[in-house]
Structures are given as C-alpha cells and as structure tokens.
Amino acid sequence: MNVMVVGCGSIGERHISNILNLYPDFDLMAMDISPDRGEYIKKTYNINVFDNLLDAFSTDVDIYLICTPPNTHISLALRSIENGAHVFIEKPLSHNTDSIDDLIKKAAKNDLFIYVGYCFRFDQGLTFVKDLLNSEQLGPVYYAQASYGQYLPEWRPCQ
C-alpha cells in the first residue's frame, strides 16, 4: 500500500509515526513545502519526502492523508481523488462548504473513500451519550451544552 502524508506538522508527523509502527510494510511517503520540516521528517523517519505538490501528486499513491491547513483540504482532496486515491482528511473538513458536494460526488463516482479524522468519534463516553439519546429513553432533548479543553503543552509536549 502506497501512502502519502501531505503536511508534516505535528499531526502529520503523528500519522507518520503511527503508520510506521502499525503498518511497517506500507510504502510511506510525505510532502511538506517547508524544506526544514521535510528534511527533519526524512532524517527522523527515513522516508521519501517531497517538497512540492506536483511531485507528490505525480506519484503512485493509494491513500493520501491531508494534514494541512483547513483552507487547503478540499483542493488537495480533489487532487487525490483525481489521482484515483482514497483520502483521509484531518478535521475540519474545510473552512467553508464550497466544493464539498463536488468532492463527495467525485469520490462516489470513482468508488473512493473519504474519511474525516476526528479523535473523539469513537470515544466511549460520547458514544454512550449518543446511544442514550438515540434510544429516546430520556424523551425529547431541548438543550445540551458540553465543553472540553486540553492544555496543549501537556498534550503535545513538542510544541
């Protein structure tokens, strides 16, 4: 399986590390427009790193992981679909709703998957609440409010 991580910031690097640990047989590549970041990833993880989109999207890839700023997600995902690859996009899907329907239609037409990553999608507490609400045991819900926070230096000590 040929996998390309596009964007090697903290979350892109986390995906690189996880893929190498979980799927060592994958042919993992990366792309980052920052020469320093690309060189760091190349030396640290011993993978091929592209420094431009043209080369990254001219490579045989089965899955692209889009880990760039949200305003680039849809255009990069569309390029991935045009390359015949499945797409994993870091949240949020986009900074606006422009072209989302087009992306979904193109992926469906080509039998390709699009997956938006969200680390709490399968959280046991949240799925319990969702199941409870769906069961209608509580009756109609008129209002809910939830808050979650994290002190990022503890969560991502490298930043």
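All right, on to the overall build of the protein chain then. Helix and strand content of the protein chain: 7 helices and 6 strands. In sequence order, the secondary structure elements of the protein chain are arranged as β-α-β-α-β-α-β-α-β-α-β-α-α. For the protein chain, the spread of C-alpha atoms along the three principal axes comes to 55 × 40 × 30 Å. In the protein chain, of all internal contacts separated by at least 6 residues, the share reaching a separation of at least 24 is 57%. Accessible area of the protein chain: about 10,600 Å², with a carbon and sulfur share of 54%. In the protein chain, which carries 12 positive and 20 negative side-chain charges, the distance between the mean positions of the two groups comes to 3 Å.

It is worth spelling out the packing of helix 4 (residues 70-82) against helix 5 (residues 100-109) at this point. For any two helices packed against each other, one specifies the inter-axial angle together with the distance between the axes. At a minimum axis distance of 10 Å, the contact between helix 4 and helix 5 shows a crossing angle of 15°. Between helix 4 and helix 5, the angle is such that the two are roughly parallel. At the point where helix 4 passes helix 5, the crossing takes the left-handed sense. Along its contact with helix 4, which presents I74, A77, L78, I81 and E82, the element helix 5 presents I100, D102, L103, K106 and A107.

Below, the discussion takes up a nonpolar patch on the surface. A grouping of F128, V129, L133, L138 and V141 is seen on the molecular surface, where their side chains present a nonpolar patch of about 470 Å² in accessible area. Structurally, L138 is set in the loop between helix 6 (124-135) and helix 7 (152-155). Its relative accessible area of 55% is what places L138 among the exposed residues.

For the rest of this paragraph, the subject is the pairing of strand 4 (residues 63-66). Pairing of strand 1 (residues 2-6) with strand 4, which is carried by 4 bridges, proceeds in the parallel orientation. Looking across to strand 4, one finds that V5 is bridged to L65. Note: strand 4 against strand 5 (residues 86-90), 4 bridges, orientation parallel. By the bridge assignment for strand 5, I63 is matched with H86.

About the thresholds
Residues numbered from 1 in each chain as written. Predicted model: local features only at pLDDT ≥ 70, side-chain atom pairs only at ≥ 80, totals over all residues. Heavy atoms only, no water. Helix = DSSP H or I, 4+ residues; strand = E, 2+ residues; numbered from the N terminus. Contact = heavy atoms within 4.5 Å. Areas by Shrake-Rupley, 256 points an atom, 1.4 Å probe, with all protein chains shown as cover. Lys, Arg positive; Asp, Glu negative; His and termini not counted. Charge placed at Lys NZ, Arg CZ, Asp CG, Glu CD. Axes fitted to C-alpha atoms, helices over the stretch in contact; angles between N-to-C directions. Parallel < 35°, antiparallel > 145°, perpendicular 65-115°, else oblique. Left-handed = near helix turned anticlockwise from the far one by under 90°. Patch = residues over 30% accessible without salt bridge, like charges linked within 9 Å, V, L, I, M, F, W, Y side chains within 5 Å. Salt bridge = Lys/Arg side-chain N within 4 Å of Asp/Glu carboxyl O. Buried < 20%, exposed > 50% of the residue type's maximum accessible area, 1.4 Å probe, protein only. Pairing = 2+ DSSP bridges.

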